[in-house]
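Geometric and topological summary
The lines below spell out each chain.
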Amino acid sequence: MKKFAKRILNLDTKRLCILIFVIALIPRFSWFLVKGRHLDITVPAGGDSIQYDLLAQNLLKYRQLAFEPGKPTAHREPLYPYFLTGVYVLFGHSYDAVRIVQVIISWLTCIIVFLLALRLFDKNVALLAGIISCFYPYLIYYSTTILRETLSAFLLISTVYF
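Residues numbered from 1 in each chain as written. Predicted model: local features only at pLDDT ≥ 70, side-chain atom pairs only at ≥ 80, totals over all residues. Heavy atoms only, no water.

1. What to know about the overall build of the protein
Applicable threshold: Strands are runs of DSSP state E lasting at least 2 residues, helices are runs of H or I lasting at least 4, and numbering of each runs from the N terminus. Remark: exposure states derive from per-residue accessible area (1.4 Å probe, protein chains only) relative to the maximum for the residue type, with buried under 20%, exposed over 50%, and partly exposed in between. Contacts were defined at the residue level, with two residues in contact if any of their heavy atoms lie within 4.5 Å. Here, Shrake-Rupley sampling with a 1.4 Å probe gives the accessible areas, and only protein chains in the shown set may cover a residue. The charged-residue count follows a simple rule in which Lys and Arg add positive charge and Asp and Glu add negative charge, with His and chain termini not counted at all. Note on charges: their place is set at NZ of Lys, CZ of Arg, CG of Asp or CD of Glu.
A tally of helices and strands in the protein yields eight helices and two strands. For the protein, the N- to C-terminal ordering of α and β elements is α-α-α-β-β-α-α-α-α-α. Reported as C-alpha extents along the three principal axes, the dimensions of the protein are approximately 65 × 35 × 25 Å. Counting every position in the protein, which comprises 162 residues, the buried fraction comes to 40%. Intrachain contacts of the protein at a sequence separation of at least 6 include 68% that bridge at least 24 residues. Accessible area for the protein stands at about 9,400 Å²; split by element, carbon and sulfur atoms hold 66% of it. The distance from the centre of the 17 positive side-chain charges to the centre of the 9 negative ones in the protein is 12 Å.

Here's what the structure looks like:
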């Protein structure tokens, strides 16, 4: 086991990023295929998912951030409905498309966590941080929900890194 760990730690940064990339892929797409794509958007967040979806649909149809046409709202932050609108423009109104895009964003979050830890600490800590983020249950679960958590985590960690 020590030899295996030494071999991994002797990899260059590019190869470690590829390793994190592959490791992060497995639990995310497995969750998406087994359970995530069958989640009802009303569970567990109830109104949150429904409201984000409604805002995105109204942005497409009426070009307004509104629950009802002609009545703009500030009840929800606008970034996630705009994100959903972009996905709907590209792929149509598909929850699976949103989930796949969010799985990819969650996947990239793991790599940025690794790179940030590498910048702040050493390769050992960076690899540990990257692997923890690959298997962190909430990063996996929320990547398949119609909620802002995946996008927010990605933007936050990207802001700190870049």
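2. Quick look at the pattern of salt bridges
Inclusion rule: Salt bridges are defined as contacts in which a side-chain nitrogen from Lys or Arg sits within 4 Å of a carboxyl oxygen from Asp or Glu.
In the structure shown here, the tally under the stated rule is four salt bridges. Asp48 is paired through a salt bridge with Arg76; the nearest N and O atoms lie 2.5 Å apart. In this pair, Asp48 sits in helix α3 (residues 47-62) while Arg76 sits in the loop between β2 (71-72) and α4 (79-91), placing the two residues 28 residues apart along the sequence. By relative accessible area, which is 29% here, Asp48 ends up partly exposed. Among the ionic pairs, Lys71 bridges to Glu68, the shortest N-O distance being 3.5 Å. Given the relative accessible area of 46%, Glu68 is considered partly exposed.

3. Focus on the packing of aromatic side chains
Operational definition: Only the six-membered ring of Trp is used, alongside the rings of Phe and Tyr, when aromatic pairs are assigned; centres must lie within 6.5 Å, and planes under 30 degrees apart are stacked while those over 60 apart are edge-to-face, with the rest tilted. Placement of a charge over a ring requires the Lys NZ or Arg CZ to be within 6 Å of the ring centre, with the centre-to-atom vector within 35 degrees of the ring normal.
Under the definition given, this model contains ten aromatic pairs. Ring centres of Tyr141 and Tyr142 lie 5.3 Å apart, and the angle between their planes is 75 degrees; this geometry places the pair in the edge-to-face category. Taken together, Trp31, Tyr136, Tyr138, Tyr141 and Tyr142 form an aromatic cluster joined through their ring pairs. The positively charged end of Arg76 is found above the aromatic ring belonging to Tyr52, 5.2 Å away from the centroid. The ring of Tyr161 has Arg119 sitting right over it, with the charged end atom 4.1 Å from the ring centre.

4. So, the nonpolar core
Worth spelling out the cut-off: Only buried Ala, Val, Leu, Ile, Met, Phe, Trp, Tyr and Cys residues count toward a nonpolar core, and they belong to the same one when joined by side-chain atoms within 4.5 Å.
If you look at the biggest cluster of nonpolar residues, it comprises 35 residues, and the most contacted ones within it are Ile20, Tyr80, Phe83, Leu84, Val98 and Phe114. When contributions to this core are tallied by element, the ones reaching two or more residues are α2 (13-34), α3, α4, α5 (95-120), α6 (123-135) and α8 (149-161). Element by element, the count of residues in this core is highest for α5, at 13 residues. Those residues in contact with Ile20 that sit more than four places away from it in its chain are Cys110, Ile111, Phe114, Leu127, Gly130, Ile131 and Cys134.

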